[in-house]
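Tertiary structure, described
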Amino acid sequence: MSKRNLKIAIQKSGRLSESTIHLLRKCDIGFDNGHGKLKSLAFNFPLEILFLRDDDIPQYVADGVADCGIVGENVLAEAGSTLNIVERLGYGRCRLSIAVPRGSSYREIGDLNDKRIATSYPFLLERFLNEKKVRAEIHTIGGSVEIAPGVGLSDAICDLVSSGSTLFTNGLEEVETIMNSEAVLVVRPDLSADLTETFESLSFRMKAVNEARRNKYILLNAPNDSLEEIERLIPGMKSPTVLPLAEKGWSSIHSVIASEDHWLVVEKLKSAGAEGILVISIDQMIR
Ligand code: ATP
Ligand code: ZN
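Residues numbered from 1 in each chain as written. Chains lettered and ligands numbered in written order. Predicted model: local features only at pLDDT ≥ 70, side-chain atom pairs only at ≥ 80, totals over all residues. Heavy atoms only, no water.

Comments concerning the pattern of salt bridges
Taken as a whole and judged by the stated rule, the model has 15 salt bridges. Notably, a salt bridge pairs Arg188 with Asp67, separated by 3.0 Å at the nearest N-O pair. Of the two residues, Arg188 sits in the loop between β11 (183–187) and α6 (193–213) while Asp67 sits in the loop between α2 (57–63) and β4 (68–72), which places them 121 residues apart along the sequence. Arg107 is the partner of Asp111 in a salt bridge, and the nearest nitrogen-oxygen pair spans 3.9 Å. By relative accessible area, which is 67% here, Arg107 ends up exposed. Look at the salt bridges and you will find they share partners, linking Arg4, Asp67, Arg188 and Asp190 into a network. (Salt bridge = Lys/Arg side-chain N within 4 Å of Asp/Glu carboxyl O. Helix = DSSP H or I, 4+ residues; strand = E, 2+ residues; numbered from the N terminus. Buried < 20%, exposed > 50% of the residue type's maximum accessible area, 1.4 Å probe, protein only.)

Thoughts on the sheet that holds β4
Sheet architecture is open: six strands sit in the order β2-β3-β1-β4-β11-β5, paired in mixed fashion. Taken across any chain shown, the strands that pair with only one partner, and hence form the sheet edges, are β2 (39–41) and β5 (84–88). Neighbour-to-neighbour, the strand axes of this sheet turn through a mean angle of 25°, independent of strand direction. Here four bridges tie β5 to β11, and the two strands are oriented antiparallel to one another. Its bridge partner being in β11, Glu87 is matched across the sheet by Leu185. Seen against the sheet, helix α1 (residues 17–26) touches β1 (6–11), β3 (47–52) and β4 and runs at an angle of roughly 145° to β1. (Pairing = 2+ DSSP bridges. Axes fitted to C-alpha atoms, helices over the stretch in contact; angles between N-to-C directions. Contact = heavy atoms within 4.5 Å.)

Section: a nonpolar patch on the surface
A cluster of nonpolar side chains, namely Ile147, Val151 and Leu153, defines an oily patch on the protein surface of about 260 Å² accessible area. Its location among the elements puts Ile147 in the loop between β8 (137–140) and β9 (156–161). (Patch = residues over 30% accessible without salt bridge, like charges linked within 9 Å, V, L, I, M, F, W, Y side chains within 5 Å. Areas by Shrake-Rupley, 256 points an atom, 1.4 Å probe, with all protein chains shown as cover.)

Describing the site of ligand 1
Around ligand 1, the structure places 16 residues, and the nearest of them are Arg53, Asp54, Asp55, Asn74 and Ser162. Contact distances for ligand 1 include 2.9 Å between an oxygen atom and a side-chain N or O atom of Gln11. Measuring from an oxygen atom of ligand 1, one finds a side-chain N or O atom of Asp55 at 2.7 Å. Taking 620 Å² as the accessible area of ligand 1 by itself, protein coverage stands at 77%. For the shell around ligand 1, the secondary structure elements donating two or more residues are α3 (73–78) and β9. When its residues are assigned to classes, the shell around ligand 1 shows five nonpolar, six polar and five charged. (Near = heavy atom within 4 Å. Polar contact = N/O pair within 3.5 Å; in protein donor to acceptor, adjacent residues only side chain to side chain. Nonpolar A, V, L, I, M, F, W, Y, C, P; charged D, E, K, R; others polar.)

Regarding the coordination of the zinc ion (ligand 2)
Each protein donor to the zinc ion (ligand 2) is listed here as Asp54 (OD) and Asp55 (OD); together their distances run 1.9 to 2.1 Å. Of note is the zinc ion (ligand 2), whose four donor atoms meet at the metal with angles of 76 to 176° in an arrangement that counts as irregular. (Donors = N, O, S within 2.8 Å, 3.2 Å for Na, K, Ca; no water. Tetrahedral: all angles 85-135°; square planar, octahedral: opposite > 155°, others 65-115°.)

Let's talk about unusual backbone geometry
One non-glycine residue, Asp28, lies in positive phi territory at about 65°. Within the secondary structure, Asp28 is located in the loop between α1 and β2. Phi angles above zero are rare outside glycine, and Lys133 is one such case at about 55°. Relative to the assigned elements, Lys133 resides in the loop between α4 (122–131) and β8.

As structure tokens, then:
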């Protein structure tokens with residue numbers, strides 16, 4: 001009997017779609033994502049990809065229509081989902097925040113008492129207000145929450161924010177953060193043994209891609225008398241590789257450094273006497 005395909009639910013079109021498709025491709029999973037498709041079968045991995053609205057993903061995974069999914073943590077939390085988060089994926093970062101018209105007299109959370117707050121996240125907002133012992137009127141609306149105060153529908157909003165530019169354009173300012181969110185990989189709890197095996201291969205690849213994104217491969221040449229300092233700057237996964245160059249008194253050093261501060265490290269390496277520095281992106285990294 002051939003293996004059953006693992007089904008993964010991903011967002012059909014929206015802020016997570018492009019990065020999610022990119023992640024699957026980086027995992028070397030080949031599939032056709034032609035427009036308007038509801039599902040697609042990978043041609044080199046036992047995986048079927050279901051393209052869905054993000055709000056539907058927690059339920060589809062919980063019901064077993066899909067075996068796993070990629071969705072924003074905010075969507076899971078709003079649905080009160082108890083699905084297991086296997087991996088945080090580092091994209092789709094945002095926060096669920098309360099914002100009020102800029103220049104309003106807001107000073108503290110108690111100022112929201114008896115106010116009207118528009119949101120698409122009534123569950124999380126209500127829980128937050130209860131924790132803070134604030135009684136406000138929650139208006140649940142499906143979208144374009146940021147225009148609610150401007151049209152007189154509410155006094156404040158509770159919505160997702162990333163750069164804050166949408167709030168700014170609408171004359172709003174962020175005053176409270178309810179939760180931070182990013183895209184996560186979730187799985188249903190009762191997978192069969194063969195699907196568990198496939199899921200583990202998939203999540204192993206995703207972890208390797210994620211780890212690779214956080215790091216860079218670096219190669220450089222250095223005079224031997226600066227080796228000690230350079231080794232301290234780029235300790236690598238275990239220790240850097242040091243190879244003698246044909247030119248006497250010089251070595252070639254290979255290592256791995258964190259992407260987030262690699263420019264700073266490169267400057268220090270240069271000051272320490274390094275030359276011919278190459279910084280290379282990594283596709284997959286397994287520690
Ligand atoms: P769908 O049609 O699938 O229901 P949607 O309109 O509900 O899509 P998007 O706006 O595409 O959802 O956002 C998808 C996810 O992207 C959000 O749930 C959130 O996790 C993440 N996200 C990141 N930054 C933002 C942002 N500034 N605003 C909204 N969502 C963001
Ligand atoms: Zn949605």
